[in-house]
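Report on the structure
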Amino acid sequence: GNLLDHVEIRYAGYYGYQTSFRNFDQAASLYTATSDLTLSNSTIRNGDGTGVYIAGASPLVTGNLITTHSFGLLVTGSSAVITGNTIQDNGSYGVSVTTSPGVTITGNTITGSGQFALWFDAVSAAAAVSGNVITGNPGNNGIYVNGGTIDQPATWTVDAPYVLGGTLTIAAGVTLTLEPGVVVKAWGINHKFVVNGTLLADGTSSLPIVFTSLRDD
C-alpha cells in the first residue's frame, strides 16, 4: 500500500480555494481519497489551508505533527484512524469531521486551535473519541457538535467538554451514552437534546455528568 513515513510537507495548499467551500483538495497540504495509505511519523506544517484532507477514504494517520494551517485535519465520509498525532497551532479547528460516524480519534494531543479543538456534525458525533489530550486551545478546549440528528449508537467520553451548537436529536432506536464525568455545554439559547431514542447519563458521586452553559468555565 501507499506509505508516507518520516516525510515533511511544508508551505503547500492555497486557502483562497477553500474560502468558497469548493476545491478543498487544492487547499490542502495533503489530500487523500484512498484508504490504501499510512501516514506516519511525518511533519506537515505551514500550509495555507488544511493540513490533511481525507475525503471518502479511511487511511491510518499516526504519529505525525500537523501544525500551522487553517484546519489541522478535515475529514469527510471516512472511517479513518487518527491516532498518536500532535495537532497544534492551527487557526480554525484542530480536526473537523463531517458524515464520518466511523472515524476513530484516539491518543492525540490537540493544542493551539484558534476555534474548537474538535468539530463534528451531528452524524459524526458517533465517532470513537478517547484518550486525547485537549488543552491550550485559545478558541475553546471543547468538542463542538453541530445541531442535527445522531442516527447511530454513540458514547461520549471525558476527553473534553462537548458543546452543543444547536438542537441535537437522538433518533428512535439509537442510544447516546455519556460516561461518568462528561460535561455537556449548550452554546446558546434552545441548544438542547431531543431524545426520541435513549440517553444514558449514569454518573457517580465522584464523577457526576454535568449539563451546563458554554459560559460556565
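In the block above lies the structure referred to throughout.
Notes on the structure in this doc start here. In this text the structure is predicted, and so the values were computed from the model without any measurement. Residue positions are given per chain, counting from 1 as you read along its sequence in written order. Only residues with pLDDT of at least 70 get local features here, since the model is predicted, and only at 80 or more are side-chain atom pairs given and counted; chain-wide, interface and lining totals rely on the full set of residues. By convention in this description, side-chain values take in all heavy atoms of the structure and omit both hydrogens and water.

Focus on the pairing of strand 4 (residues 37-40)
- Of the strand pairs in this sheet, strand 1 (residues 2-5) and strand 4 are connected by four bridges, and their pairing is parallel. Counterpart to asparagine 2 in the pairing with strand 4 is leucine 37. For two strands to count as paired, DSSP must find a minimum of two bridges between them. Put simply, DSSP marks the helices as runs of H or I at least four residues long and the strands as runs of E at least two long, and each gets a number from the N terminus on.

Considerations on the environment of arginine 10
- Structurally, arginine 10 is set in strand 2 (residues 8-10).
- Burial classification: accessible surface area is computed with a 1.4 Å probe over protein chains only, and a residue below 20% of its type maximum counts as buried, one above 50% as exposed, and the rest as partly exposed. Residue arginine 10 is classed as partly exposed on the basis of its relative accessible area of 45%.
- If we ignore the near neighbours within four places in the chain, the residues touching arginine 10 are Arg45 and Asn46.
- Between N or O atoms, a polar contact is any pair within 3.5 Å; within protein, one atom must be a potential hydrogen donor and the other a potential acceptor, and residues adjacent in sequence are included only when both atoms are from side chains. A polar side-chain atom of arginine 10 sits 2.5 Å from a polar atom in the side chain of glutamate 8. Every residue pair with non-hydrogen atoms within 4.5 Å of one another is taken to be in contact.

Digging into the sheet that holds strand 13 (residues 104-106)
- Sheet architecture is open: six strands sit in the order 1-4-7-10-13-16, paired in parallel fashion. Pairing within the sheet leaves two strands with one partner each, and these edge strands are strand 1 and strand 16 (128-130). Strand-to-strand twist across the sheet, computed as the mean angle between neighbouring axes with direction ignored, equals 5°.
- In this sheet, strand 7 (residues 60-62) lies alongside strand 4 in parallel orientation, the contact comprising three bridges. Its bridge partner being in strand 7, threonine 38 is matched across the sheet by leucine 60. All axes here are fitted lines through C-alpha atoms, helices being fitted over the stretch that makes contact, and every angle between N-to-C directions spans 0 to 180 degrees.

Remarks on the packing of aromatic side chains
- Put simply, two rings from Phe, Tyr or Trp (the six-membered ring, in Trp's case) pair if the centres are within 6.5 Å, and we call them stacked under 30 degrees between planes, edge-to-face over 60, tilted for the rest. One pass over the full model with this rule turns up ten aromatic pairs.
- Geometrically, the ring pair formed by tyrosine 144 and tryptophan 187 is edge-to-face, given 6.0 Å between the ring centres and 85° between the ring planes. Residue tyrosine 144 is located in strand 18 (residues 140-145), and its partner tryptophan 187 is located in the loop between strand 24 (183-186) and strand 25 (193-195); the two are separated by 43 residues in the primary sequence.
- By relative accessible area, which is 11% here, tyrosine 144 ends up buried.
- By relative accessible area, which is 44% here, tryptophan 187 ends up partly exposed.

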